[in-house]
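# Structural features, examined
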Amino acid sequence: SNQLDIVTKLCNTIIVNIPKLEVDLSTYHKLIEKSCNDLDHQLSQCNCLSTDSNPLTNTCNNIINTFIIQKRQEIINKCRDIILSDYHNVMLATGDALDDELASSGAIGDPSAMLDNSGSFAIQTLKFEQCQISLTVCRLLKYINDVMKSITSISEEALVNNINQSVRDGLELFISIIPIKYSNIIENSSKMGAIYYNDCLYIAHNCTLITHRYRSSRILLIDLITKLRTNKDKLLQIHINRYINQLDEYIKLININPSIDSKSLNQPRRTKAIYNNEEGIRQLIDYYNIIKSDWFNVLQENIYERIVGYLIDYILRKFIDIVEQCDCITEYAASDINRLFKSIQQIKNVFENGNQLGYIDRVVASWSKFCSLTDLLEYTLTDIAEWLPKLKFSSFTSKQLSSLIIALFEDSPKRQSVLAAINEVKSSK
């Protein structure tokens, strides 16, 4: 038993002293090969080992396989340690983990901070808009790039394949661990949810870069992009749904009643109704500013525009539907709704370029229609007739616009003339 323990210790010693670099394996093998063979033979002669048992020689000859196993474990352990270390600190990123600086975390919150990446392969070849990511994901991808660089000097194909698989598994660890271990952070904090969304985009982008940069190693990571896309979209949808639920609550605070008449309200009740509606709109706009503080300069600009544009469009459609579905809109109600709708238009300030000509129409699908409806509510029939040829109301169908004219104005020759003009304008388009 003691003799076997000695053999086991000798085998472990051989394993422990295996070089860290593949280029040194051959020299190490030559250095210990004869000694292992001789010692196995002597142990057999002493009846310490069976004649066909050569544990030291087998361990020596299995150095490359042992090295491969050790290398894989080293990569997986390092990736896991990086992933589990932290998920709170963030940094600015431009796309390529090789170029992005971990020190850029100090520039978070500085509106003038723009990372210089003019010489980057990422910028020259594949577009990736600046956004905030976790330090964790950048550290992980920097390490993976270091691992992939080492492949260029490796001749053993089995080792190359093993490293490729280990890199994939390291990225799979991120995909699997983060949503579970940090679920409370990324699901309850809208900003950290956006960071995770960006992390998935960042990994997907770098999967393309790594596959291209180290194509001689034949590593393939592109298929991971589907998993990343599913994860990021699912997580962000949780936050979008939460925003929508809260927006619905704020919409309930705003009482838009197209059929109400000034005679039905005494002055105190009228004043209270106006105050309640204005307070509801103020809270609604404040909530959009909260969304802005969570996601502006965190998400990529085009994604921020698309999502916040959708959230604004969501409430505008609600307000438009209330007015469009009404058969009769009193003069008092039209004036009141016009005032409220003008106040709601302040919401465009959640975009940095909200006041830029044509910008808001591009990012919010119903904006033009909402503004046209706002104007329509204060226009006379003469005003409407003048604006029709200029396609002021082109966002409405002829049926929608005609229904609104009928709801707003009593029947008269002037109204009939405008309704006829609507059909003429629409038919001539």
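Structural data are supplied above this passage.
Calculation criteria
- Residues numbered from 1 in each chain as written.
- Predicted model: local features only at pLDDT ≥ 70, side-chain atom pairs only at ≥ 80, totals over all residues.
- Heavy atoms only, no water.
- Helix = DSSP H or I, 4+ residues; strand = E, 2+ residues; numbered from the N terminus.
- Buried < 20%, exposed > 50% of the residue type's maximum accessible area, 1.4 Å probe, protein only.
- Contact = heavy atoms within 4.5 Å.
- Areas by Shrake-Rupley, 256 points an atom, 1.4 Å probe, with all protein chains shown as cover.
- Axes fitted to C-alpha atoms, helices over the stretch in contact; angles between N-to-C directions.
- Parallel < 35°, antiparallel > 145°, perpendicular 65-115°, else oblique.
- Left-handed = near helix turned anticlockwise from the far one by under 90°.
- Nonpolar A, V, L, I, M, F, W, Y, C, P; charged D, E, K, R; others polar.
- Core = buried A, V, L, I, M, F, W, Y, C linked by side-chain atoms within 4.5 Å.
- Salt bridge = Lys/Arg side-chain N within 4 Å of Asp/Glu carboxyl O.
- Pairing = 2+ DSSP bridges.

### Some details on the overall build of the protein
- Check the secondary structure of the protein and you find 18 helices and 2 strands.
- Looking at the protein as a whole, 47% of its 429 residues qualify as buried.
- Intrachain contacts of the protein at a sequence separation of at least 6 include 77% that bridge at least 24 residues.
- Accessible surface, the protein as shown: approximately 21900 Å² in total, 51% of it carbon and sulfur.

### Details of the packing of helix 7 (residues 157-181) against helix 10 (residues 224-252)
- Where helix 7 meets helix 10, the closest approach of the two axes is 11 Å, and the angle between their N-to-C directions is 10°. For the element pair helix 7 / helix 10, the angle class is roughly parallel. Taken as a pair, helix 7 and helix 10 cross one another with a handedness that is left-handed. Along the contact surface, helix 7 presents Arg168, Leu171, Glu172, Ile175 and Pro179, while helix 10 presents Leu224, Lys227, Leu228 and Asn231.
- Taken together, the residues that form the contact of helix 7 with helix 10 break down as 5 nonpolar, 1 polar and 3 charged.

### Re the nonpolar core
- By size, the foremost hydrophobic cluster in this structure holds 136 residues, and its most contacted members are Tyr288, Trp295, Ile315, Phe319, Phe341 and Phe351.
- When near neighbours in sequence (up to four residues on either side) are disregarded, tyrosine 288 contacts Leu247, Leu311, Ile312, Ile315, Ile347 and Val350.

### So, the pattern of salt bridges
- The full count for this structure, using the stated rule, is 20 salt bridges.
- Note that lysine 34 and aspartate 38 form a salt bridge whose closest N and O atoms lie 2.9 Å from each other. Of this pair, lysine 34 and aspartate 38 both sit in helix 2 (residues 25-45), 4 residues apart, roughly one helical turn.
- A relative accessible area of 58% means that lysine 34 is categorised as exposed.
- Across the pair arginine 339 and aspartate 336 runs a salt bridge, and its minimum N-O distance is 2.1 Å. In this pair, arginine 339 and aspartate 336 both sit in helix 13 (residues 331-344), 3 residues apart, roughly one turn of the helix.
- According to the relative accessible area criterion, aspartate 336 is buried, its value standing at 14%.

### Considering the pairing of strand 2 (residues 131-134)
- Neither face of strand 2 is exposed, since Cys131 and Ile133 on one face and Gln132 and Ser134 on the opposite face are all buried.
- Of the strand pairs in this sheet, strand 1 (residues 90-93) and strand 2 are connected by 4 bridges, and their pairing is antiparallel. The residue bridging methionine 91 from the neighbouring strand is isoleucine 133, located in strand 2.

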